[in-house]
Amino acid sequence: MSKLSSVPINRRHLLQYGGGFIGTSLLATVLGKNLVSPAVAEAKVIALTPDQALEKLMGGNDRFVNQKRTQCNPTQERLLEVAEGQAPFAAILGCADSRVPAEIVFDQGLGDLFVCRVAGNIATTEEIGSLEFGTLVLGAKILMVVGHESCGAVKAAIQGDPLPGQIGSLIKNISIGSVAPRSQDAASLDKAVKANVTYQVETLKKSPILSDLIAQQKLKIVGAYYDLNTGKVSLVG
């Protein structure tokens, strides 16, 4: 059994506690016990602000775009360090698309990002719960929802056709904003992708835990758009 799965608090209780029952600071201590090594905990004393975390994330993308990556090969020292515990500075809700791997496009290494990937970068109950953990307990200061050019999931939402298996359960959580159903042009698709990013950001902000962290200025949630041709990430909204 993993350390996380052994924590005797389910997400329903997490929401109750995060809403003020025992307070997010105490809850983070309870859930994070034994999950972060002393060395990592000490490093967290010099904490980034949400704005600094965002700057660090975007700086990594700038290195990626300009082919100046610094995190291509993790050192054995870093491997051993994160084996003892983790303290990611950023959390990402991204699409499962194979062309948008967060650690690569943001030029980050082991233990730097807490990443959730699902088709359409949708904020489902499970994704929200994971991101609550990544921010409240592990301490990520910036939470970015990353949509991307030519997203197939968003395109399927625009087309509105019946879908097999459980694919439809993903599509129903996508919002295309004011884009007309069945639109075919690329501009409409890009507009819908960005509208969906904004919608997912707003969905995340409804979490009592995440909204409390924002109110305490311990977290910022932003939306972003990834250009497949250039590798550039630009903020949305």
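Parameters and conventions
Residues numbered from 1 in each chain as written. Predicted model: local features only at pLDDT ≥ 70, side-chain atom pairs only at ≥ 80, totals over all residues. Heavy atoms only, no water. Helix = DSSP H or I, 4+ residues; strand = E, 2+ residues; numbered from the N terminus. Buried < 20%, exposed > 50% of the residue type's maximum accessible area, 1.4 Å probe, protein only. Contact = heavy atoms within 4.5 Å. Areas by Shrake-Rupley, 256 points an atom, 1.4 Å probe, with all protein chains shown as cover. Phe/Tyr/Trp six-rings, centres within 6.5 Å; stacked < 30°, edge-to-face > 60°. Lys NZ or Arg CZ within 6 Å of the ring centre and 35° of its normal. Axes fitted to C-alpha atoms, helices over the stretch in contact; angles between N-to-C directions. Parallel < 35°, antiparallel > 145°, perpendicular 65-115°, else oblique. Left-handed = near helix turned anticlockwise from the far one by under 90°. Pairing = 2+ DSSP bridges.

Chemist: Explanation requested: the overall build of the protein chain in the structure shown.
Modeler: Counting its secondary structure elements, the protein chain contains 11 helices and 5 strands. Among the 237 residues that make up the protein chain, the fraction classed as buried is 43%. Residue pairs at least 24 apart in sequence account for 72% of intrachain contacts in the protein chain once pairs closer than 6 positions are excluded. Counting only carbon and sulfur atoms, one obtains 54% of the accessible surface of the protein chain, whose full area is about 12,200 Å².

Chemist: Honestly, the environment of L136 in this entry has me stumped. Any pointers?
Modeler: Position of L136 relative to the elements: it lies in helix α7 (residues 125-137). With relative accessibility at 8%, the residue L136 sits in the buried group. Counting along the chain gives 82 residues from L136 to K218, while the straight-line C-alpha distance between them is 9.1 Å.

Chemist: Would you explain the packing of aromatic side chains in this entry?
Modeler: Two descriptors summarise a pair of aromatic rings, namely the distance from one centre to the other and the angle between the planes of the rings. Counted under the stated rule, the structure contains 0 aromatic pairs. Of note, K56 hangs over the ring of F89, and the distance from its end group to the ring centre comes to 4.4 Å. The aromatic ring of Y225 is capped on one face by K194, whose charged end is 4.7 Å from the ring centroid.

Chemist: Sorry if this is basic, but what is going on with unusual backbone geometry here?
Modeler: Negative phi values dominate among residues other than glycine, just as trans dominates among peptide bonds. Backbone geometry at D107 places phi at a positive 45 degrees, although glycine is not the residue there. Mapping D107 onto the fold places it in the loop between α6 (102-105) and β2 (113-117). The class for D107 is buried, based on a relative accessible area of 0%. The backbone of S150 shows a phi angle near 55 degrees, a positive value even though the residue is not glycine. Structurally, the position occupied by S150 is in the loop between β3 (142-148) and α8 (152-159). Residue classification places S150 among the partly exposed residues on the basis of a relative accessible area of 37%.

Chemist: Where do I start with the packing of α7 against helix α11 (residues 208-215) in this structure?
Modeler: The description of two helices packed together rests on the angle between their axes and the distance between the axes. Two elements in contact, α7 and α11, have axes whose closest approach is 9 Å; the angle formed by their N-to-C orientations is 30 degrees. Classified by the interaxial angle, the pair formed by α7 and α11 is roughly parallel. The handedness of the crossing between α7 and α11 is left-handed. Touching L131, E132, T135 and L136 of α7 are I209, L210 and L213, all from α11.

Chemist: What is the right way to look at the sheet that holds β3 in this model?
Modeler: Strand pairing in a sheet takes place through backbone hydrogen bonds and is either antiparallel or parallel in direction. The strand order across the open sheet formed by 5 strands is β2-β1-β3-β4-β5, and the pairing between neighbours is mixed. Because the sheet does not close on itself, it has two edges, and the strands there are β2 and β5 (233-236). For this sheet, the mean angle separating the axes of adjacent strands, direction not counted, is 30 degrees. Of the pairings in the sheet, the one linking strand β1 (residues 90-94) to β3 comprises 5 bridges and is parallel in character. In the sheet register, G94 faces β3, and the bridge partner there is V146. The strands touched by helix α10 (residues 186-205) are β1, β3, β4 (220-226) and β5; relative to β4, the strand with the most contacts, the crossing angle is about 165 degrees.

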